[in-house]
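# Remarks on the overall topology
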Amino acid sequence: MSTPPPGTPLPPLAGGAGGPAALRPLLSAVLDALREGALARGGPLPPGGPDAVTERLRALTLPVLPDTGTGAEEALRTLVRALAHGAADPADPLCVAHLHTPPLAVAVAADLAASALNPSMDSWDQAPAASALEAQVTRTLAAEVYPHAPAPDALVTTGGTESNHLALLLARERHGPVQLLHGANAHHSLPRAAWLLGLPEPVTVPAPAGVIDLAALDAALTDLHHPLLVAATAGTTDTGSIDPLPAIADLCARHHAELHIDASYGGPLLFSDAHRSRLDGLDRAQSVTLDLHKLGWQPAAAGLLAVPAAACLAPLGHQADYLNADDDTAAGLPDLLGRSLRTTRRPDILKTAATLRALGRQGLADLVDRTCAAARHLADLVDRTCAAARHLADLVEQTPGLELHDRPTISTVLFRPTGATDDDIAAVRRALLTQGRAVLGRAHADGRLWLKATVLNPHTTPHDLQALLALLPLPAPTSLPEGSSRR
């Protein structure tokens, strides 16, 4: 094993009074590399598909562990540029496949500070100020969900999957082996959480129109034995649809069932006066999942599980003598182990706190409103294309155009070229990915496959949306991208 020559200086640390001076030149290298990589990519994602991307990355980054290090600045320039060149960039308006948000600069800058200070949120003596900040911010956000509750609270999680898992765990601890009922439109993490927790096989309630069928839910609640937990969705991953929350809450009350609402996508509508009413009934749930790394523009991870009272979280209490000894807790040191199922945990709340303070309620509402408006504009463009196609149908037998699935509930739009088969739709999406021209998602609805655009970038313009639609093969399905196939 080789060793550094005598007198070789130790690599500098990020913390302490000298940390900023050590970071400054490295940040310059990172920022330059991010810019160079984005310019070299020249679009929403790299062209060529998985094999080409992998080969380019290998050529730039091997060996992973050289005998002699290249130095911090060279390593950062090389690796960050390579990663940026090969990224699917959610800041590009043609990168709209998933709930994959472009993070705000203020949040990313705050995340740097969190990494430099490196508090570990499992004991107060590792995170004195960070633990106090987390308590302030989580209570504030919980009060947005439960405005009339006397002492609402929220836990910081890694996202919707962890939050949904915690919600089922808390319900099990309150009532025993609860029977989960969820819509066919629900996130996959809900039945998975029931499996992980050893709960009975979940009951899937039909959602033929994209939201839970109330009559089917009523029938299921009538037939099943207690305890029961209904999981509703405020913003589905496929269409952005919101279940009829007040009516579901009424059914839960009538049948003495508990209600959990997965608002991972739609939760931030609470910030907007124009859209908040879409979440009426949210505060009637025993727990609510939120994800601010979706419609909140935070770097991942930024999840929350909100509850109407801090006492609801008591089952998560846990004791480890080296982290929360009983006498330390009795002496007033905050006990953090009951704030998560994880032990070592980043201060992810810092980036959210910085965003809330920098933008305020009005600034956040403006971002939400702009994003939803962009999705509505995309739907309008599809609508206008359909209208033109219908008019043209009077003149020609084969009608070019686009078909819109439905008006967007939040910021997700499903559409497809008129006359295309499901195989055509899949091929169009893969061709655009391989060419590096656009990142569109896919979703099944009404028995067909659709292209999915999830608009999360508030900087998106009408011109960007027109450019996106211009990439689609029209008329369809006769002029598909290279490599496509007909069923």
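## Here we look at the sheet that holds strand 6 (residues 287-291)
The sheet built from 7 strands is open, its strands ordered 1-7-6-5-4-2-3 with mixed pairing. With partners counted over all chains shown, the strands left at the sheet margins are strand 1 (153-157) and strand 3 (203-205), one partner each. Looking at each pair of strands side by side, their axes are set apart by 20° on average, direction ignored. Of the strand pairs in this sheet, strand 1 and strand 7 (residues 303-307) are connected by 5 bridges, and their pairing is antiparallel. Bridge assignment links alanine 154 to a residue of strand 7, and that residue is alanine 306. Across the sheet, helix 6 (residues 160-175) touches strand 1, strand 2 (179-183), strand 4 (228-233), strand 5 (258-263), strand 6 and strand 7, and the angle it forms with strand 5 is around 170°.

## A look at a nonpolar patch on the surface
On the surface, a nonpolar cluster with roughly 370 Å² of combined accessible area is contributed by Leu62, Val64 and Leu65. Of the residues examined, leucine 62 reaches a relative accessible area of 45% and is grouped as partly exposed.

## What about a negative patch on the surface?
Residues Asp125, Asp321, Asp326, Asp327, Asp328 and Asp335 make up a contiguous surface patch of negative charge. When residues of the negative patch are assigned to their parent elements, the largest contribution, 3 residues, is made by helix 11 (residues 326-330). Under the relative-accessibility criterion, aspartate 326 is labelled exposed at 55%.

## Focus: the sheet that holds strand 8 (residues 402-404)
Taken together, the 4 strands give an open sheet; going across it, the order is 8-9-11-10, and neighbouring strands pair in antiparallel fashion. Pairing within the sheet leaves two strands with one partner each, and these edge strands are strand 8 and strand 10 (441-445). Neighbouring strand axes in the sheet, compared pairwise and without regard to direction, differ in orientation by 45° on average. Looking at chain direction, strand 8 and strand 9 (residues 412-417) are connected through 3 bridges and run antiparallel.

## Topic: the environment of alanine 216
Mapped onto the fold, alanine 216 is located in helix 8 (residues 214-223). Along the chain, alanine 216 and valine 205 lie 11 residues apart, while their C-alpha atoms are 6.4 Å from each other. When sequence neighbours within four positions are dropped, the list of residues in contact with alanine 216 reads Val205 and Pro206.

## Some remarks on helix 4 (residues 105-117)
Think of an α-helix as turning once every 3.6 residues; residues three or four places apart then point the same way. Relative to the 18 Å expected for 13 residues at 1.5 Å per residue, helix 4 spans 19 Å between its end C-alpha atoms, a close match to the ideal helical length. For helix 4, every residue scored as buried is listed here: Ala107, Ala110, Asp111, Ala114 and Ala116. In the stretch just after helix 4, asparagine 118 is the one whose phi turns positive, near 55°.

## Looking at helix 7 (residues 189-196)
All of the buried residues along helix 7 are Ser189, Leu190, Ala193 and Ala194. One side of helix 7 carries all its buried residues, which in axial view fall inside an arc of 145°. Looking at the buried positions of helix 7, the neighbouring elements they touch are helix 6, strand 2, strand 4 and strand 5.

## A short note on the confidence of the model for the chain
The predicted model of the chain averages 91 in pLDDT, with 93% of residues at 70 or higher. Note on residues 389-399: pLDDT is under 50 here. Beyond four places in sequence and across chains, it has 10 contacts. The low-confidence segment residues 475-487 (pLDDT under 50) makes 35 contacts with residues lying over four places distant or belonging to another chain.

## What to know about unusual backbone geometry
Residue proline 63 is bonded to the preceding leucine 62 through a cis peptide linkage, with omega at 0°. Positionally, proline 63 belongs in the loop between helix 2 (49-61) and helix 3 (72-85). Of note in the backbone geometry, tryptophan 297 takes a positive phi value of approximately 60° without being a glycine. By the element assignment, tryptophan 297 lies in the loop between strand 6 and strand 7. The exposure class assigned to tryptophan 297 is buried, which follows from its relative accessible area of 1%. Phi is positive for aspartate 446, close to 55°, though the residue is something other than glycine. Here aspartate 446 lies in the loop between strand 10 and strand 11 (448-454).

Rules used throughout
Residues numbered from 1 in each chain as written. Predicted model: local features only at pLDDT ≥ 70, side-chain atom pairs only at ≥ 80, totals over all residues. Heavy atoms only, no water. Pairing = 2+ DSSP bridges. Helix = DSSP H or I, 4+ residues; strand = E, 2+ residues; numbered from the N terminus. Axes fitted to C-alpha atoms, helices over the stretch in contact; angles between N-to-C directions. Contact = heavy atoms within 4.5 Å. Patch = residues over 30% accessible without salt bridge, like charges linked within 9 Å, V, L, I, M, F, W, Y side chains within 5 Å. Areas by Shrake-Rupley, 256 points an atom, 1.4 Å probe, with all protein chains shown as cover. Salt bridge = Lys/Arg side-chain N within 4 Å of Asp/Glu carboxyl O. Buried < 20%, exposed > 50% of the residue type's maximum accessible area, 1.4 Å probe, protein only. Lys, Arg positive; Asp, Glu negative; His and termini not counted. Charge placed at Lys NZ, Arg CZ, Asp CG, Glu CD. Expected span 1.5 Å × (residues − 1). Arc of directions from axis to C-beta. pLDDT = per-residue confidence, 0-100.

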